[in-house]
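Chain and residue survey
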Amino acid sequence: MSIRVVVADDQELVRSGFSMILEAQRDIEVVAEAGDGVEAVDAVRLHTPDVLLLDIRMPRMDGLEAARLVCAESGCKVVMLTTFDLDEYVYEALYAGASGFLLKDVRRDDLVHAVRVVAAGDSLLAPSVTRRLVADMIRRRRAESVPGPAPARLAVLTAREEETLRLLARGLSNAEIATTLFVSEHTVKTHVSNVLSKLGLRDRVQAVICAYETGLVTPGSTP
């Protein structure tokens, strides 16, 4: 079964280039292209894709607002596209429900891999730039608000689930978490699923944000 993708970017060359790369894969189908945020939201509503590649800066409706609508209305996974690795809009996009982001100069193989990873329900946490963005985002949020009793939020987790969340926030894959905890990958998947369910989180990206916000993990700390 093919992974259905919508590519949204106001630059035609970028949009068509990404589409050609993805269409060359046997397991990926580009069902629509969009030149702005309004078209992107309409395309998702019409074609119900698995993944939306969404440019941040677009006319009529920017990628941030489009991401909010898509994530609120559907189960489509959103991957933001940006020219800059420290675009402040990425922080808001992650809060809106995006599963990660890619730089527009991404390599062909990394683009394809990203689509497959997100479609499978994972998130783009491996690249160091994503971890840096999440850490910076949390520092900004903490500076803007008065800390509340956030750690109490984690009380619903078992000790093993909390440890899974901590390792997940470090950017470890399921396989790496399994090795660290001396359990099977299936067990790790169960723990991750329980963490998301108990904390009311959409995906792993939001789980990482939660880990930073509650102080379970602190920016710059080591595993």
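About the cut-offs
- Residues numbered from 1 in each chain as written.
- Predicted model: local features only at pLDDT ≥ 70, side-chain atom pairs only at ≥ 80, totals over all residues.
- Heavy atoms only, no water.
- Helix = DSSP H or I, 4+ residues; strand = E, 2+ residues; numbered from the N terminus.
- Contact = heavy atoms within 4.5 Å.
- Pairing = 2+ DSSP bridges.
- Axes fitted to C-alpha atoms, helices over the stretch in contact; angles between N-to-C directions.
- Parallel < 35°, antiparallel > 145°, perpendicular 65-115°, else oblique.
- Nonpolar A, V, L, I, M, F, W, Y, C, P; charged D, E, K, R; others polar.
- Expected span 1.5 Å × (residues − 1).
- Buried < 20%, exposed > 50% of the residue type's maximum accessible area, 1.4 Å probe, protein only.
- Arc of directions from axis to C-beta.
- Core = buried A, V, L, I, M, F, W, Y, C linked by side-chain atoms within 4.5 Å.
- pLDDT = per-residue confidence, 0-100.

1. A few points about the side chain of Thr-164
Take Thr-164: it is sitting in helix 7 (residues 159–169). Excluding its chain neighbours within four sequence positions, the residues that come into contact with Thr-164 are Ile-177, Leu-181, His-191 and Val-192.

2. Side note on the sheet that holds strand 5 (residues 100–103)
Taken together, the five strands give an open sheet; going across it, the order is 2-1-3-4-5, and neighbouring strands pair in parallel fashion. In this open sheet, the two strands that pair with only one neighbour each are strand 2 (28–34) and strand 5. Strand-to-strand twist across the sheet, computed as the mean angle between neighbouring axes with direction ignored, equals 25°. Relative to strand 3 (residues 51–55), strand 1 (residues 3–8) runs parallel, the two being bridged by four bridges. Across the sheet, the residue bridging to Val-5 is Val-51, located in strand 3. On the sheet, helix 1 (residues 12–23) packs against strand 1, strand 2, strand 3 and strand 4 (77–82) and is oriented at approximately 165° with respect to strand 2.

3. Digging into the packing of helix 7 against helix 10 (residues 204–213)
With their axes 9 Å apart at the nearest point, helix 7 and helix 10 run at an angle of 100° to one another. Classified by the interaxial angle, the pair formed by helix 7 and helix 10 is roughly perpendicular. Where helix 7 abuts helix 10, its residues Leu-165, Leu-168 and Ala-169 lie against Arg-204, Ala-207, Val-208, Ala-211 and Tyr-212. Grouping the amino acids of the contact of helix 7 with helix 10 by side-chain chemistry returns seven nonpolar, no polar and one charged.

4. Here we look at helix 9 (residues 185–199)
With 15 residues, helix 9 extends 21 Å between its outermost C-alpha atoms, agreeing within 8% with the 21 Å of an ideal straight helix rising 1.5 Å per residue. Those residues of helix 9 not exposed but buried are Val-188, His-191, Val-192, Val-195, Leu-196 and Leu-199. End-on view of helix 9: buried residues confined to an arc of 130°, all on one side of the axis. What points out from helix 9, more than 90 degrees from its buried face, is the exposed set His-186, Lys-189 and Ser-197. Looking at the buried positions of helix 9, the neighbouring elements they touch are helix 7, helix 8 (174–181) and helix 10.

5. Quick look at the nonpolar core
In this structure, Ala-8, Leu-52, Leu-54, Val-70, Val-78 and Met-80 are the most contacted members of the largest nonpolar core, which totals 26 residues. For this core, the elements supplying multiple residues, two or more each, are strand 1, strand 2, helix 2 (37–47), strand 3, helix 3 (63–73), strand 4 and helix 4 (89–96). In terms of residue count, helix 3 provides more of this core than any other element does, five residues in total. Ignoring any residue separated from it by four or fewer positions in sequence, one finds Leu-54 in contact with Ala-8, Ala-40, Gly-63, Ala-66, Ala-67, Val-78, Val-79, Met-80 and Leu-81. Ranked by size, the runner-up nonpolar core spans 23 residues in total, among them Val-188, Val-208, Tyr-212 and Val-217.

6. Quick notes on the environment of Glu-163
Topologically, Glu-163 is positioned in helix 7. In this structure, the C-alpha to C-alpha distance between Glu-163 and Leu-216, residues 53 residues apart in sequence, is 9.3 Å.

7. Regarding the confidence of the model for the protein chain
Chain-level pLDDT for the protein chain is 83 on average; 81% of the residues reach the 70-or-more range. Predicted confidence in the protein chain is weakest over helix 6 (residues 128–144), with a mean pLDDT of 59, and strongest over strand 1, with 96.

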